[in-house]
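# Secondary and tertiary structure notes
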Amino acid sequence: MALVILFLIFYSGGDLFAQSFSPEIYNLKWSSQSKNSGESMPCGGGDIGLNVWVEKGDILFYMSRSGAFDENNVFPKLGRVRLRLSPNPFENGATFEQELRLDQGYVEIRSDKGKERVVVKVWVDVFSPVIRVDVSGNRPTHVNAWYESWRTSERELKGGARNASSYKWAGGKVTMLPDSISWHNNGVLFFHQNRDSTIFDKIVTQQQLETVKSQLWNPLKRLTHGGWMRGENMVPDHAIKEGKYADTPFQGFGLKSKKAARRHQLEIYLHIAQEDSINKWKGGLHDIVLKSRKEKSTAFQKTLDWWREYWKRSYIALNVSAKDSSSAVWQIGRNYQLFRYMLACNAYGAYPTKFNGGLFTYDPVFVDTSYHFTPDHRNWGGGIFTAQNQRLVYWPMLKSGDFDMMPSQFEFYKRILANAETRTHHYWGHKGASFTEQIENFGLPNYAEYGQKRPAGFDAGVEYNKWLEYLWDTSLEFCLMIMDLERFSGADISKYLPLIESCVVFFDEHYQHLAANRSAAKLDQNGHLILFPGSAAETYKMAYNSATTVAGLKTVLGRMLALPLKYGDEPRRKHWQEMLGRIPPLSFREMQGHRTIAPARAWERIQNTEIPQLYPVFPFGMYGIGKPDLETAINTWKYDTEAIKNRNYTSWHQDNIFCARLGLIDEVAALTVKKLQDSGRRFPAFWGPGHDWVPDHNWGGSGMIGLQEMLMQTPGDSIYLLPAWPDDWDVQFKLHAPYNTTVEGEWKDGKMVDLKVSPEARKNDVICSKCGSNALKGK
């Protein structure tokens, strides 16, 4: 590939990006009300997500906040709010518009009816856990608001409804206990405090960890979530409203305006804390209310400023000069921005954005008509964090420069590190963190996936599960992601180094431990670990030297040694080097007459639909543009018949990312259209359910990654521009590269018309074979 540095583009003079990107071009507008919650619009900020819609003249929204878990590890909604204006401007032929103001981060609902005009803004304070609804009109109106709950009595989860909890299909009765709801200080107070006994206790007993229970962190005991809803000049309406929405009966606790007015404001303050006493929790909620009121006059502007800066960080906008919402290519750019908005709504969550719906799930009957469950439902659990899915939500944040949003995922692993190390030592007597694939929010294997009918004497540290057995290596991606954060932004990752080190130590010690139980030799004849039994994703089982494990360990240990010298003293680095020397090489095989990467050296069975033989391409980057032996990786995509059989674009499948990193332009363009075009639901970025749930966040995340990789790849110190970009896709972009570098430009009509690299010195590292022939003088 020719090295081309674009002197005339870098120094083209005048105002670069005179037609610069504005997220406002992608604001989503609806001119009719919604039929149900399945036609809702996301709204949020900080760590709160709302599903907002207008139905039969009522404004409704579900509330969700990161970190809310009940005794069964369901991730419940914090309730539903219904707002009704009187006289109602949304009835009887009024002009209606609902708009997601991407540029400012809120939802606006407008109505014109004769001479009456009403504007309702629904927004979330980015810096405080407060939801606000601002109503303004040119004529006085009355307002009624209800806090609606379906958790006013015990409810048994049966059949498929159990999949929202950690019990899933495992035996035993699963009961959701009621919340506490009452009128309080002219508002509605609602909360749920977990009892002392939760799924945590069940799992500790199930997994034979009672003797170390006191050493294990338990985030569920007495965890309390809830809030307080109030309104300016509003008082309680003490008649409890009974109703049914979709499949679920509910009770409504109302507030009403004292008198008609042109302006009204509703506020919902949310609080989550682990407190022994409910009075302590109420005290924490009171502090939030006081703090928010003091900051109320500046809160909206600060939130607008945050969103303005957020959109300046990064963008990818396609065919902006020829807006055509029916064009799949135009939709790619719009939906990329919509999904990035959804990710930002949990920018600072106590827990990572969940792959299976994030903060924006809704009544499940509008996902699957056979799912007659409550709005709390999502498949694959609420407190379960499946690593192979979660990673796809967080990888795109590097190139989008959303570094401040990544600690939610990293802190998740840091918090559960001690539990993972404790279970390792308890079961096997050695060091290292054994993180499994479907992991509870306290770091132990999921209750259902661990296996209910285990043979006598089966290793208590291993899941008795044909899909998940010996699948340990998924934590390595997050180790690499943390080190990429340091490389991209210069962030200090010292506090995560014990996590990274413990993950690789586990493999070094555990596989020598297993070998010593089989033989007097702990290593093979070449001094390498014998990585058996293992797993190449969930597809190649009982694997020997899985490609995912080998590539992960080689890449992570190599990157540990490449960290700045402040990370790890000489003895530790010597140990890292010794461990790296014990990692076996990747395996290869011939397929249709071509050398390809093998998924492992050997395996017993194939059962899922992943392509782990290409994990050395992504995420681990051993092969790709600017890397040696690209042909072998391309052959693996083209000629490996098992890989060909497993090709797919939906959900967590990462075929688009593989093709981008391999420079296969036609293939990745077709896959990206399928990945990021409109979802078929009213909100175009509510993809899924795919393999998981709606909105499928690992669907959107993998789409983002692929689109970024089409535009820019950053092996080593190099910045490859447009390595897999179609000539006829116009694009404006701003992406982040390692070493605090930003690259922004515009590709239009088959040529690069603007390009800016900051800092300027990094332009010497730009490689673009299709950008032109003007070379930087003196290069």
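Residues numbered from 1 in each chain as written. Predicted model: local features only at pLDDT ≥ 70, side-chain atom pairs only at ≥ 80, totals over all residues. Heavy atoms only, no water.

### Notes on the overall build of the protein
Of regular secondary structure, the protein possesses 17 helices and 31 strands. For a compact globule of 779 residues, the expected C-alpha radius of gyration is about 28 Å, and the protein comes in at 27 Å, within 12% of that figure. Principal-axis analysis of the C-alpha atoms gives the protein an extent of 85 × 70 × 45 Å. Within the protein, the proportion of its 779 residues that are buried is 64%. Accessible surface, the protein: about 27,400 Å² in total, of which carbon and sulfur atoms supply 48%. One finds the centroid of the 93 positive side-chain charges in the protein at a distance of 4 Å from the centroid of its 86 negative side-chain charges. (Helix = DSSP H or I, 4+ residues; strand = E, 2+ residues; numbered from the N terminus. Rg over C-alpha atoms; globule rule 2.2 N^0.38 Å. Buried < 20%, exposed > 50% of the residue type's maximum accessible area, 1.4 Å probe, protein only. Areas by Shrake-Rupley, 256 points an atom, 1.4 Å probe, with all protein chains shown as cover. Lys, Arg positive; Asp, Glu negative; His and termini not counted. Charge placed at Lys NZ, Arg CZ, Asp CG, Glu CD.)

### Digging into helix α2 (residues 199–206)
Among the eight residues that make up α2, six are buried, leaving the element largely enclosed by the rest of the structure. Tucked into the core, α2 has its buried residues touching β20 (438–440). Looking one or two residues past α2, Q208 carries a phi angle of roughly 60 degrees, positive in sign. (Contact = heavy atoms within 4.5 Å.)

### A closer look at unusual backbone geometry
With the exception of glycine, the majority of residues adopt a negative phi angle, and the majority of peptide bonds are in the trans configuration. Residue S86 is joined to P87 through a cis peptide bond whose omega torsion reads -5 degrees. Within the secondary structure, P87 is located in the loop between β5 (80–86) and β6 (95–101). A cis geometry characterises the amide bond from F618 onward to P619, with omega recorded as 15 degrees. Although it is not a glycine, K56 sits at a positive phi angle of roughly 55 degrees. With respect to the helices, strands and loops of the structure, K56 is situated in the loop between β3 (48–55) and β4 (58–65).

### Section: the sheet that holds strand β25 (residues 605–606)
Strand order in the open sheet formed by three strands is β21-β22-β25, and the pairing between neighbours is antiparallel. The open sheet has two edge strands, β21 (534–536) and β25, and neither has a second partner. As judged from the two bridges shared by strand β22 (residues 540–543) and β25, these two strands associate in the antiparallel manner. Counterpart to Y540 in the pairing with β25 is I606. (Pairing = 2+ DSSP bridges.)

### Let's talk about the sheet that holds strand β28 (residues 731–737)
As summarised here, the arrangement of the four strands in space is β18-β28-β29-β30, forming an open sheet in which the pairing is antiparallel. Here the strands that pair on one side only, and so sit at the sheet edges, are β18 (315–318) and β30 (751–758). Neighbour-to-neighbour, the strand axes of the sheet open up by a mean angle of 15 degrees, direction not taken into account. Where β28 lies against strand β29 (residues 741–748), seven bridges are found, and the strand directions are antiparallel. Bridge assignment links F733 to a residue of β29, and that residue is G745. (Axes fitted to C-alpha atoms, helices over the stretch in contact; angles between N-to-C directions.)

### Considering the confidence of the model for the protein
When pLDDT is averaged along the protein, the result is 95; 97% of the residues meet or exceed 70. Segment residues 1–18: pLDDT under 50, and 50 contacts once partners within four positions in sequence are set aside and those in other chains are kept. Confidence over residues 774–779 falls short of pLDDT 50; this stretch has 13 contacts with residues more than four positions distant or in other chains. (pLDDT = per-residue confidence, 0-100.)

### Describing the state of the cysteines
For the structure shown, the criterion picks out one disulfide. The disulfide partner of C768 is C771, and the gap between their sulfur atoms is 1.8 Å. Disulfide C768-C771: torsion about the S-S bond near 75 degrees, hence right-handed. When sorted by exposure, C768 lands in the same class as C771, which is buried. C479 provides the cysteine sulfur closest to C503, a residue in no disulfide bond, and the two sulfurs are 3.7 Å apart. (Disulfide = S-S within 2.5 Å.)

### Considering the environment of T205
Positionally, T205 belongs in helix α2. Separated by 143 residues in sequence, T205 and Y348 have C-alpha atoms that sit 33 Å apart.

### Brief notes about helix α8 (residues 407–428)
A rise of 1.5 Å per residue sets the reference length of α8, with its 22 residues, at 32 Å; its end C-alpha atoms lie 31 Å apart and thus fit the reference within 8%. Of all the bends in α8, the largest measures some 45 degrees and sits at I416. After α8 finishes, the residue G429 shows a positive phi value of roughly 75 degrees. (Expected span 1.5 Å × (residues − 1). Bend = angle between axes of the 7 residues up to and from the residue.)

### Some remarks on the packing of aromatic side chains
Aromatic rings considered in pairs are described by the distance between their centres and by the relative angle of their planes. For the structure on display, the rule yields 47 aromatic pairs. On the numbers, 6.1 Å between centres and 80 degrees between planes, the contact of F90 with F96 is edge-to-face. Exposure class is identical for F90 and F96. Each is buried. Ring plane angle 55 degrees and centroid distance 4.8 Å describe the contact between F683 and F686, whose orientation is recorded as tilted. Each residue in the set F69, F75, Y351, F385, F412, Y413, F435 and F478 is aromatic and connected to the rest through ring pairs, giving one cluster. We note R595 situated over the ring of F588; from NZ or CZ to the ring centre the distance is 3.8 Å. Stacked on the ring of W637, the Lys or Arg R647 has its end atom at 4.1 Å from the ring centre. (Phe/Tyr/Trp six-rings, centres within 6.5 Å; stacked < 30°, edge-to-face > 60°. Lys NZ or Arg CZ within 6 Å of the ring centre and 35° of its normal.)

### Some thoughts on the pattern of salt bridges
In total, this model carries 46 salt bridges according to the counting rule given. Between D305 and R308 there is a salt bridge, and its shortest N-O distance comes to 2.6 Å. Residue D305 and its partner R308 are both found in helix α4 (residues 296–313); the two are separated by three residues, about one turn of the helix. Across the salt bridge formed by R340 and D402, the nearest N and O atoms sit 2.9 Å from each other. Highlighted residues: R340 in helix α5 (residues 328–344) and D402 in the loop between α7 (396–399) and α8, separated in sequence by 62 residues. Through salt bridges that share partners, D58, R80, R82, R84, E148 and K241 make up one connected network. (Salt bridge = Lys/Arg side-chain N within 4 Å of Asp/Glu carboxyl O.)

### Digging into the packing of α8 against helix α9 (residues 475–489)
Viewed as axis vectors pointing N to C, α8 and α9 meet at an angle of 125 degrees, and their least axial separation amounts to 11 Å. One element, α8, and the other, α9, form an angle in the oblique class. At the point where α8 passes α9, the crossing takes the left-handed sense. Across the interface between the two elements, Q409, F410 and Y413 of α8 pack against S475, F478, M481, I482 and L485 of α9. Of the residues contributing to the contact of α8 with α9, the split by class is six nonpolar, two polar and no charged. (Parallel < 35°, antiparallel > 145°, perpendicular 65-115°, else oblique. Left-handed = near helix turned anticlockwise from the far one by under 90°. Nonpolar A, V, L, I, M, F, W, Y, C, P; charged D, E, K, R; others polar.)

### Brief notes about the packing of helix α11 (residues 547–562) against helix α12 (residues 570–581)
It is at 10 Å that the axes of α11 and α12 come closest, and there the two elements cross at 155 degrees. With respect to their mutual orientation, α11 and α12 come out roughly antiparallel. Crossing angle aside, the handedness with which α11 passes α12 is left-handed. Contacts from K554, L557, G558, M560 and L561 in α11 reach R573, W576, Q577, M579 and L580 in α12. Among the residues forming the contact of α11 with α12, the class breakdown is six nonpolar, two polar and two charged.

### Thoughts on the side chain of Q337
Within the element layout of this structure, Q337 appears in helix α5. We classify Q337 as buried; its relative accessible area is 0%. Each residue touching Q337, except ones within four places of it in the same chain, is listed here: F21, Y26, L102, W311, Y315, I316 and A317.

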